[in-house]
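The lines below spell out each chain.
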Amino acid sequence: MKKLCVIGDPVLHSKSPLLHNAMLREMALDGDYTYDCQLVPARDLKDWLAQAPHLGYVGFNATMPHKEALVPLMDGLDEDAKLYGAVNTVCMKDGKLYGYNTDGRGFLASLEEGGFRASGKRAVLLGAGGAAKAIALKLVQAGVSALTVCNRTAAKAAALCAHAPGVMTPAGFDPDTLTRAAAEADLLVNATNLGMADTHAQFESLSFLEALPAAAPVYDVIYHPPETELLRRARALGHPAMNGLGMLLYQAIFALEHFIGVEIPAAPMAEKLKKLL
Ligand code: NAP
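Scoring rules and cut-offs
Residues numbered from 1 in each chain as written. Predicted model: local features only at pLDDT ≥ 70, side-chain atom pairs only at ≥ 80, totals over all residues. Heavy atoms only, no water. Helix = DSSP H or I, 4+ residues; strand = E, 2+ residues; numbered from the N terminus. Buried < 20%, exposed > 50% of the residue type's maximum accessible area, 1.4 Å probe, protein only. Contact = heavy atoms within 4.5 Å. Near = heavy atom within 4 Å. Polar contact = N/O pair within 3.5 Å; in protein donor to acceptor, adjacent residues only side chain to side chain. Areas by Shrake-Rupley, 256 points an atom, 1.4 Å probe, with all protein chains shown as cover. Nonpolar A, V, L, I, M, F, W, Y, C, P; charged D, E, K, R; others polar. Core = buried A, V, L, I, M, F, W, Y, C linked by side-chain atoms within 4.5 Å. Axes fitted to C-alpha atoms, helices over the stretch in contact; angles between N-to-C directions. Left-handed = near helix turned anticlockwise from the far one by under 90°. Pairing = 2+ DSSP bridges. Salt bridge = Lys/Arg side-chain N within 4 Å of Asp/Glu carboxyl O. Phe/Tyr/Trp six-rings, centres within 6.5 Å; stacked < 30°, edge-to-face > 60°.

S.K.: Describe the environment of Pro-17, and please don't skip the residues or the numbers.
M.R.: Considering the arrangement of structural elements, one finds Pro-17 in helix α1 (residues 16–26). Taking relative accessible area as the criterion, Pro-17 reaches 15% and is therefore assigned buried. In the structure, Pro-17 is positioned 12 residues away from Cys-5 in sequence and 7.0 Å away in space, judged by C-alpha atoms. Excluding residues that lie within four positions of it along the chain, Pro-17 makes contacts with Val-6, Tyr-35, Asp-36 and Cys-37.

Shown next, in the form of structure tokens:
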């Protein structure tokens, strides 16, 4: 039996074992692979990597705090992992480690599943952390004409926008700036922690939604709770609204493709996983 897992700290809340084991069952590969959860503190990462093949692991997903730390430890990286400077999927083959990042592809696939094509559109992204970086750079690759990155810490928005200065513009996070940015947007994506379950942090004001053109979708990368206050207000104003569940499912599907080396029909698999959750 080949072993797969997700590593992180904390990690016990991760939905990855549920998703991957369900996909392996669906593909009748549950007799070949099993997927579990490994609590690996940051200080133990290198030791765990050295032990993992001897424990039967052939691949793993990584969540915080490991995504960036894995980059210099890889023997090879895919283009997205290089671009984001972060790895969420690792395959171990013949003593070598190959790092991938499926977060940006997962976001774009779920956005397109929701019927939105980013090419030529203007977008506003709230946040400049790890998730925001993958989303921003994937939106740029997908051909957005303009992307305003609004973040509380100005330096982080500026650093992210430096990747594509002709397309991305950094901006602040105060209600007036958010309103001005939203008024010019065809899509608004929240990639901050605001509204996430177990945090008390909320948007100071959601009045920027009133400035957003009515047809513009609102995408929240948060999936717990399934409907944040941002999405509830967006729906009430008539905006198409999507939560982060699709991104979670598609990044897992694309990760499993790397592990098993087989293409998976992504949309039907995502449908099955949605029913499961
Ligand atoms: P991160 O790297 O820590 O970034 C957090 C972002 O939120 C930063 O831009 C931060 O701004 C902003 N933020 C935090 N508290 C804030 C506040 N009180 N006011 C304004 N801005 C605030 O975290 P991450 O890994 O990118 O994750 C962000 C969210 O995405 C989380 O809710 C996570 O669960 C979700 N996520 C979802 C998926 C999915 O598959 N759906 C995947 C990855 C992440 P500063 O720069 O100013 O600190």
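S.K.: Provide a residue-level description of the site of the ligand, including the pertinent values.
M.R.: Taken together, 22 residues lie near the ligand, and Ala-131, Asn-151, Arg-152, Thr-153 and Lys-156 sit nearest. Ala-131 is positioned such that a nitrogen or oxygen atom in its backbone is 2.8 Å from an oxygen atom of the ligand. Leu-248 is positioned with one of its backbone polar atoms (N or O) 3.4 Å from an oxygen atom of the ligand. Compared with its free state, where it exposes 920 Å², the ligand has 75% of that area covered by protein. A class-by-class count of the residues in the shell around the ligand yields 12 nonpolar, eight polar and two charged.

S.K.: Tell me about the nonpolar core, residues and numbers included.
M.R.: Core analysis: the biggest nonpolar cluster contains 31 residues, and Leu-111, Leu-125, Ile-135, Leu-139, Leu-147, Val-149 and Met-168 have the highest contact counts within it. For this core, the elements supplying multiple residues, two or more each, are α4 (103–113), β7 (122–126), α5 (130–141), β8 (146–150), α6 (154–161) and β10 (187–190). Element by element, the count of residues in this core is highest for α5, at six residues. Apart from the residues lying within four places of it in its own chain, the contact partners of Leu-139 are Phe-107, Leu-111, Ala-118, Ala-123, Val-144, Leu-147 and Leu-187.

S.K.: Tell me about the packing of α4 against α5, and please be specific about residues and values.
M.R.: For the pair α4 and α5, the least separation of the axes is 8 Å and the interaxial angle reads 65°. The hand of the α4/α5 crossing is right-handed. Residues Asp-103, Gly-104, Arg-105, Phe-107, Leu-108 and Leu-111 of α4 touch α5, and the partners they reach there are Ala-134, Ile-135, Lys-138 and Leu-139. Here the contact of α4 with α5 is built from residues that sort into six nonpolar, one polar and three charged.

S.K.: So, the side chain of Thr-177: which residues are in play, and what are the values?
M.R.: Here Thr-177 shows up in helix α7 (residues 175–183). Not counting the four nearest positions on each side in its chain, Thr-177 is found in contact with Ala-171 and Gly-172.

S.K.: If you had to explain unusual backbone geometry to someone new, which residues and values would you point to?
M.R.: With omega at 5°, the peptide bond leading from Asp-9 into Pro-10 counts as cis. The residue Pro-10 is located in the loop between β1 (2–8) and α1 in this model. Phi angles above zero are rare outside glycine, and Ala-28 is one such case at about 55°. Inspection of the secondary structure puts Ala-28 in the loop between α1 and β2 (33–39). The residue Asp-198 is not glycine, and still its phi comes out positive at about 70°.

S.K.: Break down the sheet that holds strand β4 (residues 76–77) for me, with residues and values.
M.R.: Read across the sheet, six strands follow the order β2-β1-β3-β5-β6-β4 without closing on themselves; strand pairing throughout is mixed. Two strands lie at the open edges of the sheet, namely β2 and β4, each paired on one side alone. Across the sheet, α1 lies against β1, β2 and β3 (57–62), angled at about 175° from β2, the strand it touches most. Sheet contacts for helix α10 (residues 245–260): β1, β2, β3, β5 (89–93) and β6 (96–100); angle to β5, the most-contacted strand, approximately 5°.

S.K.: An account of the pattern of salt bridges is requested, with residue identities and associated values reported.
M.R.: On inspection of all chains with the given rule, the structure shows 10 salt bridges. Residue Lys-82 pairs with Glu-79 through a salt bridge whose shortest N-O separation is 3.3 Å. Linking Lys-82 with Glu-79, this pair stays in helix α3 (residues 79–84), spanning three residues, or about one helical turn. For Glu-79, a relative accessible area of 58% puts it in the exposed group. A network of salt bridges, in which partner residues are shared, links Glu-113, Glu-271 and Lys-274.

S.K.: Explain the packing of aromatic side chains to me, using residue names and the numbers behind them.
M.R.: Taken as a whole and judged by the stated rule, the model has six aromatic pairs. With 6.1 Å between their ring centres and 35° between their planes, Tyr-250 and Phe-254 make a pair best called tilted. Here Tyr-250 pairs with Phe-254, and both are found in helix α10, just four residues apart, close to one helical turn. Residue Phe-254 is classed as buried on the basis of its relative accessible area, which comes to 8%. A network of ring pairs unites the aromatic residues Trp-48, Tyr-57 and Phe-60 as a single cluster.

Function cannot be read off these values alone, since they describe shape.
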